[in-house]
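Fold and geometry: a report
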Amino acid sequence: MAGFKDYFSAVSSSYRDFRPRYPESLFEHLAGIAPSRSAAWDCATGNGQAAGMLARYFDHVTATDASENQVANADAVDGVTYRVEPAESTSFDSHSVDLVTVAQALHWFDLRAFESEVRRVCKPGAVLAVWSYAILQSTPAVDAVIDRLYNGILNGYWTNERRIVEKGYRDVTFSFESLPSPTFAMHADWSLEHLLGYLSTWSAGRRYKDRNGVDPITLVADEITDAWGDPQSLVDISWPLTVCLWRVGDTPDETRSA
């Protein structure tokens, strides 16, 4: 656990309730390119958002997270087993996993140690899939206020790792075969209350509050409310989703021809 940066345990229940869900089409694609659908590993699972979706396609999903509190607040789903384990050292048997997924968390890892662990636990031809999303998009008026929060009020409160997310992990490299990825996006019809709950899960916001004694969401809540209009109305929120894929080891010939 040395070096683990636990920025989310304090709001794990809010993280579960307010974070967006990933599109079904993403998991359909991953199941289609994995060598089989026997076993998947969702690494840094948080509250299990991705793990629950993977369970629709794989016989068994093991979801790990270094945060005990995150796992304690995870969604209970048939076919998903949770373990409190860091990304870089797990209890998986060697060569036992068809797919490894990392949703919005790769920037916290020791990448070289994680690469070694992925190589150890993956079957020949298994797939490593990592994805990230950056700032949300809604209406121009709401987006302008959120941009002021993100780039203005919270400037200097984001960790260096956040900049890796903003680049969509494009600067991250592994010594595996890179695979092409389709384009994906997330969409959600959210209320004003849900949006404000989501903004409250930002790690930079909690860091701002700890340092200044003021919740930064309160500094923009009135502006967002005015920009939103009817507080009971639902607004389409979207996030471009950047997905990076790698093939781990050689794919068996029978899988290639399937």
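These numbers were taken from a predicted model, which means no experiment stands behind them. (Residues numbered from 1 in each chain as written. Predicted model: local features only at pLDDT ≥ 70, side-chain atom pairs only at ≥ 80, totals over all residues. Heavy atoms only, no water.)

**Considering the overall build of the chain**
Selection rule: Comment: elements are numbered from the N terminus, with helices defined as DSSP H or I runs of at least four residues and strands as E runs of at least two. Throughout, radius of gyration means the C-alpha value; the globule benchmark is 2.2 Å times the number of residues raised to the power 0.38. Each residue is placed in one exposure class: buried if its accessible area under a 1.4 Å probe, protein chains only, is under 20% of its type's maximum, exposed if it is over 50%, and partly exposed if it falls in between. Only heavy atoms matter for contacts: two residues are in contact if any of them lie within 4.5 Å across the pair. Residue exposure ignores everything except the shown protein chains as possible cover, and the areas themselves are Shrake-Rupley values with a 1.4 Å probe.
Helices and strands together make up the secondary structure of the chain, namely eleven helices and eight strands. Its C-alpha radius of gyration of 19 Å places the chain within 12% of the 18 Å reference for a compact globule of 258 residues. Seen along its three principal axes, the alpha-carbon backbone of the chain occupies a region of about 60 × 35 × 35 Å. Within the chain, buried positions represent 52% of all 258 residues. Across the chain, every contact between residues at least 6 apart in sequence was considered, and the portion connecting residues at least 24 apart equals 79%. Approximately 11,700 Å² of the chain is accessible, and the part contributed by carbon and sulfur atoms is 48%.

**Description of the nonpolar core**
The following threshold applies: Put simply, buried Ala, Val, Leu, Ile, Met, Phe, Trp, Tyr and Cys residues joined by side-chain atoms within 4.5 Å make one nonpolar core.
Membership of the largest hydrophobic core comes to 56 residues, with the highest contact counts inside it found for Y22, W131 and L195. Judged by nonpolar contacts, the second largest core, of 25 residues, contains W41, A126, Y169 and V172.

**Regarding the side chain of E85**
This is how it is decided: When charges are counted, neither His nor the chain ends are considered; positive counts come from Lys and Arg and negative counts from Asp and Glu. Salt-bridge detection follows one rule: a side-chain nitrogen of Lys or Arg within 4 Å of a carboxyl oxygen of Asp or Glu.
Its place among the elements puts E85 in the loop between β3 (80-84) and β4 (97-103). It is R83 that comes nearest to the buried, bridge-free E85 among opposite-charge side chains, at 4.2 Å. Sequence-distant contacts of E85, that is, excluding residues within four places in its chain, are made with T64, D65, A66, T90 and S91.

**A closer look at the packing of aromatic side chains**
Our working rule: In this analysis, rings of Phe, Tyr and Trp, with Trp reduced to its six-membered ring, are considered paired at centre separations within 6.5 Å, and the interplanar angle assigns stacked below 30 degrees, edge-to-face beyond 60, and tilted for intermediate values.
Evaluated as defined, the whole model comprises 18 aromatic pairs. With centroids separated by 6.3 Å and ring planes inclined at 65 degrees, the aromatic side chains of F114 and F174 adopt a geometry described as edge-to-face. Highlighted residues: F114 in helix α5 (residues 111-121) and F174 in the loop between α7 (160-166) and β6 (177-179), separated in sequence by 60 residues. Judged by its relative accessible area of 0%, F114 falls in the buried class. Here F174 falls in the buried class, since its relative accessible area comes to 9%. Centre to centre, the rings of Y150 and W158 are 4.7 Å apart; their planes meet at 35 degrees, and the pair counts as tilted.

**Here we look at the pattern of salt bridges**
Note on pairing: side chains with opposite charge can pair once their charged atoms come close. All chains considered together, the criterion is met by nine salt bridges. Between E115 and R119 there is a salt bridge; the shortest N-O distance is 3.6 Å. Of this pair, E115 and R119 both sit in helix α5, four residues apart, which is roughly one turn of the helix. Judged by relative accessible area, which is 40%, R119 ranks as partly exposed. Residues E117 and R120 are paired through a salt bridge, measuring 2.8 Å at the closest nitrogen-oxygen approach. In this pair, E117 and R120 both sit in helix α5, three residues apart, roughly one turn of the helix.

**Quick word on the packing of helix α8 (residues 192-199) against helix α10 (residues 217-228)**
The condition is simple: Between N-to-C directions, angles cover 0 to 180 degrees, with each direction set by a line fitted to C-alpha atoms, over the stretch in contact for helices. Any angle between 65 and 115 degrees counts as roughly perpendicular, while under 35 counts as roughly parallel, over 145 as roughly antiparallel, and the rest as oblique. A crossing counts as left-handed when the near helix is turned anticlockwise from the far one by less than a right angle, and as right-handed when that turn is clockwise.
Their axes nearest at 11 Å, the elements α8 and α10 cross at an angle of 150 degrees. It follows from the interaxial angle that α8 and α10 lie roughly antiparallel. The interaxial crossing formed by α8 with α10 has right-handed handedness. Along the contact surface, α8 presents L192, L195, L196 and L199, while α10 presents I217, I224, T225 and W228.

**Focus: the state of the cysteines**
Put simply, the rule reads: Pairs of cysteine sulfur atoms within 2.5 Å are what we label disulfides.
By the definition in use, this model includes zero disulfides. In this model C122 remains outside any disulfide bridge; the closest cysteine sulfur is found in C43, 11 Å from its own. Its sulfur unpaired, C244 is 15 Å from the next cysteine sulfur, which belongs to C43.

**A few points about the side chain of D65**
Heads up, the condition is: Definition of a polar contact: a pair of N or O atoms within 3.5 Å, with one able to donate and the other able to accept a hydrogen when the atoms are protein atoms, and with sequence-neighbouring residues admitted only if both atoms are side-chain atoms.
Relative to the elements of secondary structure, D65 occurs in strand β2 (residues 60-65). A relative accessible area of 8% means that D65 is categorised as buried. Within the structure, the side chain of D65 is placed 2.8 Å from the backbone nitrogen of G46, a separation counted as a polar contact. A polar contact is formed between the side chain of D65 and the backbone nitrogen of S67, at a distance of 2.8 Å.

**Points about the environment of I224**
For I224, the location among the structural elements is in helix α10. I224 gets classed as buried once you look at its relative accessible area, which sits at 0%. Counting along the chain gives 32 residues from I224 to L192, while the straight-line C-alpha distance between them is 8.3 Å.

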